[in-house]
Each structure stands twice: as structure tokens, then as C-alpha cells.
Amino acid sequence: MPKRKTKKRDLVGASSKNKIFLLLFIAIGIFFTLYKLNIFAASGGRGGGKVAPTPVPLPTPPAGELLLNTSFEYNTDADSRTPDGWVQHYDQPNKLVKVDCGVSVSGKCSYYVDGKHYNAIKQYVTYSAPPGSTVTVSGWGRGKDVADSTSVAEGSFWVQAWIHYTDGSTEYGLHADFDNGTHDFQKVQKSYIAPKPVEGFTYFVKFGKTGYAWFDDVSLAVITP
Ligand SMILES: [Ca+2]
Ligand SMILES: [Ca+2]
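Here the residue index of a chain counts from 1 through its sequence in written order. To label them, take the chains in the order written and letter them from A, then take the ligands in the order written and number them from 1. In keeping with the predicted nature of the model, local features appear solely for residues at pLDDT of at least 70, side-chain atom pairs appear and are counted solely at 80 or more, and the whole-chain, interface and lining totals rest on all residues.

1. A word on the sheet that holds strand β10 (residues 210-223)
Then step 1. Strand order in this open sheet of five strands is β2-β3-β10-β5-β8, and the pairing throughout is antiparallel. For this open sheet the edge positions go to β2 (98-100) and β8 (181-193), each flanked by a neighbour on one side alone. This sheet shows a mean twist of 30° between the axes of neighbouring strands, independent of strand direction.
Then step 2. Should DSSP find at least two bridges between two strands, the strands are regarded as paired. Strands here mean DSSP runs of E at least two residues long; helices mean DSSP runs of H or I at least four residues long; both are numbered from the N terminus. As judged from the ten bridges shared by strand β5 (residues 134-147) and β8, these two strands associate in the antiparallel manner. The residue of β8 that forms the bridge with Trp140 is Lys187. Axis lines are fitted to C-alpha atoms, over the contacting stretch for helices. Their N-to-C directions set the angle, which ranges from 0 to 180 degrees.

The following block contains the structure:
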């Protein structure tokens with residue numbers, strides 16, 4: 001008889017252990033589900049996520065300038081790699097880009113790109129202009145060991161404006177190119193006379209070569225006839 005009692009106790013013990021393991025398994029499952037849903041992010045505690053910062057409002061550009069934050073001095077929103085007012089052009093943006101506040105033409109900061117990955121940041125501008133308007137892009141670029149890359153189709157190191165016309169077509173050819181090699185900040189500028197009515201622009205700061213690049217004081221301006 002004592003033998004049977006022991007067996008029963010063992011069975012009860014085993015069952016309790018199974019329950020404990022099951023509860024533990026469920027608890028871990030719930031924890032990871034909440035973790036994946038980022039439920040702990042708002043706590044701000046140690047190991048928690050970051051609370052989204054409140055970005056500083058961007059100042060209105062000076063007269064004649066169509067772009068915001070052209071000197072890359074403002075970078076206070078949640079996307080700390082991208083200057084405020086700009087957006088990344090690619091779905092999987094270069095993770096090595098940054099606002100570099102140790103190198104600049106004006107102010108303190110510039111936009112830095114590590115050429116291991118293709119990168120472009122852009123701004124959309126809604127702007128009506130008649131045929132014959134002169135569109136000018138310009139900017140400053142600094143290069144280190146910049147060379148044409150064979151791994152990308154478009155070897156760009158430039159500032160560029162796509163010109164969107166009211167008839168739905170787009171001019172892609174307006175870009176001002178920086179030199180390859182290693183050089184301090186140089187200014188480039190290029191203009192194009194739009195033959196058709198303009199409804200807006202997409203402005204790009206692009207780097208699709210090998211090496212390293214810094215950009216500052218970029219610009220988009222339109223002079224109507
Ligand atoms: Ca700057
Ligand atoms: Ca930012």
C-alpha cells in the first residue's frame with residue numbers, strides 16, 4: 001500500500017510540475033508578444049524604448065529658396081539620421097548616414113553619407129511656374145576617396161531636381177555634379193530652362209559612389225521670365 005501512495009504522490013508532483021512549466025511557457029509567450037508590440041516602449045525605463053522627441057519647427061526659407069533646412073542644422077525629430085524636413089528616398093535607407101555636426105560650410109552641421117550603400121534624401125516642393133522659367137540647383141559637397149562604383153547603375157554624387165510639369169511628364173536631367181577623389185567642400189550649380197508649365201519639384205541630395213561624402217548649403221531656386 002505505501003508503494004501505491006508514493007506513486008500517487010509522484011503523479012501529483014509530476015502534474016504540478018507540468019502546470020508550472022505550462023504557466024511559465026504562457027508567461028514567456030505573453031511577454032514576447034507584448035515586447036514585439038512595443039508595449040514597453042512608452043515606459044522610458046531602463047531597457048525600454050525611446051520616447052519620440054518633439055521636433056523643433058523648421059524656419060521658413062529665405063526669399064527665393066524653395067527648400068527647408070538647406071544647411072542641415074535642424075535634426076530634432078524621431079529620425080536622427082535624416083535632417084528634419086528631408087525624407088529618405090529608398091525603402092531600405094543607408095544606415096550609416098548621419099547629420100555630422102563637426103564638418104560644415106555654414107553653421108555646424110552637414111549631411112554625411114558612407115558610400116558603402118546608395119543613398120538619397122529628398123524634399124517635395126509644390127510650385128507653379130510658367131514655361132521659360134529658369135530652375136537652378138546648387139550645393140556644396142566634400143569628398144573622401146570618392147570613386148565610381150561598379151555595383152550601382154547610376155554613379156551619382158550630386159544635387160538634383162526632378163521637374164514635374166502640369167502635363168504629367170517629368171524632366172530628370174537637371175543635376176549638378178561634384179568631383180570624384182578627395183577634396184574640401186566645392187560648390188556646384190546648374191540651371192535648366194523649363195519649356196513647359198511647372199507644377200513642382202522633387203529635390204535630391206544623392207550619393208551612389210564608393211568613398212565618403214558630406215553635403216551642405218544645398219539650394220533650389222526658380223526665376224520666372
Ligand atoms: Ca550646415
Ligand atoms: Ca531628423
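On we go.
2. Regarding the confidence of the model for the chain
Then step 1. Looking at the chain as a whole, the pLDDT averages 84, with 75% of positions reaching at least 70.
Then step 2. pLDDT runs from 0 to 100 and stands for how confident the predictor is about each residue. A pair of residues counts as a contact when their C-beta atoms, built from backbone coordinates, are separated by no more than 7 Å. Contacts of residues 1-9 to residues separated by more than four positions or lying in other chains number zero contacts, the stretch itself having pLDDT below 50.
Then step 3. Within the model, pLDDT remains below 50 along residues 36-49, and this stretch shows eleven contacts once partners closer than five positions in the same chain are excluded.

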